[in-house]
Amino acid sequence: MTQGTTHPAVSDGATPCWHALPADVVLLRLDTHAALGLSQPDVTRRLARHGPNRLPAAERDRWWTRLGRQLHNVLIYIMLAAAGITATLGQWVDTAVLLLVVLVNTIIGFIQEQKAEQALEAIRNLLSPHAAALRDGERLDILADNIVPGDIVLLASGDKVPADLRMIGGKGVRVNEALLTGESTVVDKSVEPVPADAAIADRRSMLYAGTLVAAGQVVGVAVATGQQTELGRIGTLLEQVRSVTTPLLRQIEGFGRWLALIIVLMSAATFAIGVMWRGHPPSEMFMMVVALAASAIPEGLPAIMAITLALGVRRMAARHAIVRHLPAVEALGSVTVICSDKTGTLTRNEMTVQRLVTPDAIYAVSGIGYAPDGGLHRDGQPVPPDNAIREAARAALLCNDAQLHLKDDTWDMQGDPTEGALLALAMKSGLDPALEHAEWPRVDVIPFESDHRFMATLNHDHSGQARILVKGAPERILEMCADGSGLERWRQAASECAALGLRVLALAERIVPVQQRELSFADMQGGFRMLALAGMLDPPREEAIAAVAHCQSAGIRVKMITGDHPDTARAVAAQLRIGNGERALTGADIEALDDAALERLVPEVDVYARASPEHKLRLVRALQKHGEIVAMTGDGVNDAPALKRADVGVAMGNKGTEAAKEAADVVLADDNFATIANAVRAGRGIYDNIQKFVIFMLPTNGGEGLVVVAAILFELLLPMTAAQVLWINLVTSATLGLALAFEPPEGDVMRRPPRPPGQPLLSWFFLWRLIMVSVLMAGGALGLFLWEIERGATLETARTMAVSAIVSAEMFYLIASRHLHQSVLTFEGLFGNRQVWIAIAACGLLQLAYVHTEPMQRFFQTAALSPDEWVRVLAVGLLPALCVELEKIARRVTGIGQPAVMPA
């Protein structure tokens, strides 16, 4: 083969299925040599053609462009307009508060966008900095950046794979591919090609950039570098994925536009009517219209959102959910579908033997994880270990390199997860590892390798006995056993275990002369006696089973997306009660479907196996096309694009990669699905609190405006001045509304179905309440004002009573707003949130100062009120809250406007 020539397959842009080609064909296609590698001139040419073996940095906008994007928001525009108006009126405190809220929101958005960009940076940093390669027949330690397609790369246990490699040689190679597949078990690698349509997790002939060699020595040829690697392809996907905004932000944006339009139209109409029809001075009407507009603008909404979400962050952090993006707190409460990874999230990430088949019986094994708690059961009854069980358990313990240690009441496993499971089985069978190793010391060993698919040990006791113990793939071990061992029955038992989704290992032994001190493959050709089959599984977390049921009772569909085998996925899903336990869609199935067909299918299927990054991303998009609000969990780099695309991305804190964490909105500190269910509850409560604030704020603002508009329309004395309108807005917004941010979730919050994604922030029912309370507040204040004027009160006294009536009505209505649908006339309803009473006390003191202190009287033109006048004020103020409580009773009786509740 001539070095330096260019093979068409290298330069024509085609991407062969390298995993499906024989190793010699791969070398031929890449025009390289297994023993010599590439020449330096050829490396130079290929480096110029393919570029460095690193992921390119994405172009970033200038900081001022990113900062400007944070200001492009209707609510921000409204707050800036309100700040301009209050500045015009000389209300500098209001102006300062509004500008401070704008500044804080802008800074938070700017920081969050910067953090999101770090997800790509985290992926770029996953490539290995150095590698060993053959160049001109010499082994060189080179920068991984300089690896090119065709380089012969040499790796050993513990090395990070620097590029996508086609394995052309090696021994005992096992690779941890959790970075790409999400599965923590190591994968055996071999030189033999695999089918072209094999999923990434099944491409045993390939090693992918960023993964870790767990055992063995590798000789591989680089087939893809830089952005062409699987890791680079995920980075490209992540760049192309656009994050979606949360339902609340979309609703607030629409609500802000709608409200801004109404405020502008009403202000213009009021000014026109007052000046052109009723003959009020333009200057007076301008100040009144500005005051009304300022009072109608929901400047407290961004503040209440920030405080409510911040409180939610604190509550969720106490429950092991770390929120990286504030709006995600609320978005969790609106999810309709949770797409969850399997390993470590729904399961314990601890392999456990669940079935033991001996020559005479089949046993169920209780206990989960590596803790040796539990035992063997037959027909539901515990059984003591008999001789057959002890022989199998001894083989599982001695033909084993794993170790179990008790640390701080937790069993810590070191070694291969399947061997850890066998070790726990032996201890459940009553064996002591230290005593067994002392009684049967190991003399020699044949380590496990993917080529021969077994591990064997030679063990001697102290009384002249010697045994070869072997464990491995059932079909391989059965080849070693004598024909009279009932091989067909063992094959049937192995098939039954596999059908249950269990990973099956066979255990066998052969007695040998005590003089034998070495093991060779010739010793493994026959004469073994089958001891047992061990069927194992990574069991579901008990709390995850309950959490899945909790989510389903809340109307949330749970879907499991895993890189594991379909049989295993179905078995785990059945235990978790996800789906019907029968159907699992594989990555190959998804590949065969176009987007339209996939969109039709996703509502019906809840279990997905052998899923690649593109498959997960397509599933999220297909669900969103159905209008679903999707939460996606993940831990590997392969999950990052789907995490970014999902409405809420949830990364694992313990085993998650930095790329996954940076792309996610929420990080689970305990990697536990149950934490997501707790976060959903908190999120639903947060949305309720924001909705309560809007329902509290709009009628109170509307009541103020209606008083003045009615007076202008009916040519009455104005019941309050522009300054007094602003006072009501200031004292109530600064004190009352914020108390609703501290409301705990209501008791039925997880028995309601998810709110429809397209449901507006204000339903028709809430619109009715808005109008009812606004009219009651305005009618009560205006009626009281006119009555007091009729009785001979001064204009200052009547206006003071009208303002005080509206403020007191807002205080009483605050209590009624604690529950949207349930009555507050209970002990919990009245006293369940002490912040409400603190807010009412603060507002009351400010209003007393407004009425009775001389500086306030001079500034706002108010007058002191007598006790009788205060009684009338409080009676009028109580009316809206009482009517709201009567409305709640009527709706409970008739069922009109009541929220749906899932059946228990």
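Being a predicted model, the structure only gives us computed values, none of them experimental.

Draft legend 1. View of the overall build of the protein. Counting its regular elements, the protein contains 32 helices and 26 strands. Sequence separation of 24 or more characterises 71% of the internal contacts of the protein that already satisfy a separation of 6 or more. Summed over its atoms, the accessible surface of the protein is roughly 36900 Å², and 59% of this surface lies on carbon and sulfur atoms.

Draft legend 2. Spatial organisation of the sheet that holds strand β9 (residues 337-340). Strand order in the open sheet formed by 8 strands is β8-β26-β25-β24-β9-β21-β23-β22, and the pairing between neighbours is mixed. The sheet terminates laterally at β8 (321-323) and β22 (585-586), the two strands that pair on one side only. Across 3 bridges, the pairing between β8 and strand β26 (residues 666-668) is antiparallel. Within β26, the position partnered with Ala-321 by the bridge is Leu-668. Sheet contacts for helix α25 (residues 673-713): β8, β9, β21 (557-561), β24 (630-634), β25 (648-652) and β26; angle to β9, the most-contacted strand, approximately 160°.

Draft legend 3. Broad picture of the packing of α25 against helix α28 (residues 795-816). It is the contact of α25 with α28, at a shortest axis distance of 11 Å, that shows an interaxial angle of 160°. The pairing of α25 with α28 is recorded here as roughly antiparallel in orientation. Between α25 and α28 the crossing geometry is right-handed. Residues Ile-695, Phe-696, Pro-699, Thr-700, Gly-703, Glu-704 and Val-707 of α25 form the contact with α28, whose participating residues are Ile-806, Glu-810, Tyr-813 and Leu-814. The class makeup of the residues in the contact of α25 with α28 is 7 nonpolar, 2 polar and 2 charged.

Draft legend 4. Quick look at the sheet that holds strand β10 (residues 352-357). Strand order across the open sheet formed by 9 strands is β13-β12-β11-β10-β20-β19-β18-β17-β16, with antiparallel pairing between neighbours. In the strand order of this sheet, the two ends are held by β13 (381-383) and β16 (442-446), each with one partner. Here the strands of the sheet are splayed against their neighbours by 30° on average, with no regard to which way each runs. Of the strands in this sheet, β10, β11 (362-365), β12 (376-378), β16, β17 (454-460), β18 (466-472), β19 (503-512) and β20 (529-537) are in contact with helix α13 (residues 387-398), which crosses β20 at around 70°. Those strands touched by helix α17 (residues 487-499) are β10, β19 and β20, and its axis lies near 5° from that of β20.

Draft legend 5. Region of interest: a nonpolar patch on the surface. Together, Trp-277, Leu-713 and Phe-714 line one region of the surface with nonpolar side chains, adding up to about 360 Å² of accessible area. Secondary-structure assignment places Leu-713 in helix α25.

Draft legend 6. Here's a closer look at the pairing of strand β14 (residues 403-407). Sheet topology note: the β14/strand β15 (residues 410-414) ladder contains 5 bridges and is antiparallel. Along β15, the bridge assignment pairs Lys-407 with Thr-410. Linkage of β14 to β15, two consecutive antiparallel strands, is achieved through a turn of 2 residues, within which Asp-408 is found at a positive phi near 50°.

Draft legend 7. The arrangement of the pattern of salt bridges in detail. Tallied over the entire structure, the rule returns 37 salt bridges. Here Arg-467 ties to Glu-509 by a salt bridge, and the two come within 3.0 Å at their closest N and O atoms. Highlighted residues: Arg-467 in strand β18 and Glu-509 in strand β19, separated in sequence by 42 residues. Classification of Arg-467 by relative accessible area gives buried; the value is 18%. In this structure, Lys-559 engages Asp-606 in a salt bridge whose closest nitrogen and oxygen atoms are separated by 2.7 Å.

Draft legend 8. Here's a closer look at the confidence of the model for the protein. Chain-level pLDDT for the protein is 82 on average; 83% of the residues reach the 70-or-more range. Across residues 123-127, where pLDDT falls below 50, the model places 23 contacts with residues more than four positions away in sequence or in other chains.

Draft legend 9. Structural view of helix α22 (residues 613-625). With 13 residues, α22 should cover 18 Å at 1.5 Å per step; its first-to-last C-alpha distance of 18 Å lies within 8% of that length. Within α22, burial applies to Pro-613, His-615, Lys-616, Leu-617, Arg-618, Leu-619, Val-620, Ala-622, Leu-623 and Gln-624. Looking one or two places after α22, you find Gly-627, whose phi comes out positive at around 85°.

Draft legend 10. Fine view of the packing of aromatic side chains. Applying the stated criterion across every chain yields a total of 8 aromatic pairs. Following the ring pairs from residue to residue traces out a cluster consisting of Trp-727, Tyr-850, Phe-859 and Phe-860. The ring of Trp-490 is capped by Arg-489, whose NZ or CZ atom sits 4.9 Å from the centre of that ring. The ring of Phe-528 has Arg-510 sitting right over it, with the charged end atom 5.4 Å from the ring centre.

Draft legend 11. Spatial organisation of unusual backbone geometry. The phi dihedral of Asp-379 falls on the positive side, at around 55°, and the residue is not glycine. We classify Asp-379 as exposed; its relative accessible area is 75%. The phi dihedral of Gln-861 falls on the positive side, at around 60°, and the residue is not glycine. Mapped onto the fold, Gln-861 is located in the loop between α31 (854-860) and α32 (867-894).

Draft legend 12. Inspection of the side chain of Glu-350 at higher detail. Within the element layout of this structure, Glu-350 appears in the loop between β9 and β10. Within the local environment of Glu-350, its side chain forms a polar contact with the side chain of Arg-348, the two groups lying 3.3 Å apart. Of the polar contacts made by the side chain of Glu-350, one reaches the backbone nitrogen of Tyr-370; its length is 3.3 Å. Glu-350 has contacts with Gly-369, Tyr-370, Leu-537, Asp-538 and Pro-539, leaving out every residue within four places of it along the chain.

Draft legend 13. Seen up close, the environment of Ile-676. Within the secondary structure, Ile-676 is located in helix α25. Put simply, Ile-676 and Ser-340 are 336 residues apart on the chain and 9.9 Å apart in space, counted from C-alpha to C-alpha. Those residues within four positions of Ile-676 in sequence are excluded, and the remaining contacts are Leu-332, Ile-338, Thr-633, Val-650 and Leu-668.

Draft legend 14. Representation of the environment of Gly-172 within the structure. Its place among the elements puts Gly-172 in strand β4 (residues 164-176). A relative accessible area of 17% means that Gly-172 is categorised as buried. In the structure, Gly-172 is positioned 276 residues away from Phe-448 in sequence and 7.1 Å away in space, judged by C-alpha atoms. Ignoring sequence-local partners within four residues, the contact set of Gly-172 consists of Ala-215, Gly-216 and Glu-449.

Draft legend 15. Seen up close, the pairing of strand β7 (residues 212-224). With 5 bridges connecting them, strand β3 (residues 152-156) and β7 associate as antiparallel partners. In the strand pairing of β7, Leu-155 is matched with Val-218. Across 10 bridges, β4 lies against β7 in antiparallel orientation. What sits directly across from Gly-169, in β7, is Val-219.

Each value, and the rule that gives it
- Residues numbered from 1 in each chain as written.
- Predicted model: local features only at pLDDT ≥ 70, side-chain atom pairs only at ≥ 80, totals over all residues.
- Heavy atoms only, no water.
- Helix = DSSP H or I, 4+ residues; strand = E, 2+ residues; numbered from the N terminus.
- Contact = heavy atoms within 4.5 Å.
- Areas by Shrake-Rupley, 256 points an atom, 1.4 Å probe, with all protein chains shown as cover.
- Pairing = 2+ DSSP bridges.
- Axes fitted to C-alpha atoms, helices over the stretch in contact; angles between N-to-C directions.
- Parallel < 35°, antiparallel > 145°, perpendicular 65-115°, else oblique.
- Left-handed = near helix turned anticlockwise from the far one by under 90°.
- Nonpolar A, V, L, I, M, F, W, Y, C, P; charged D, E, K, R; others polar.
- Patch = residues over 30% accessible without salt bridge, like charges linked within 9 Å, V, L, I, M, F, W, Y side chains within 5 Å.
- Salt bridge = Lys/Arg side-chain N within 4 Å of Asp/Glu carboxyl O.
- Buried < 20%, exposed > 50% of the residue type's maximum accessible area, 1.4 Å probe, protein only.
- pLDDT = per-residue confidence, 0-100.
- Expected span 1.5 Å × (residues − 1).
- Phe/Tyr/Trp six-rings, centres within 6.5 Å; stacked < 30°, edge-to-face > 60°.
- Lys NZ or Arg CZ within 6 Å of the ring centre and 35° of its normal.
- Polar contact = N/O pair within 3.5 Å; in protein donor to acceptor, adjacent residues only side chain to side chain.

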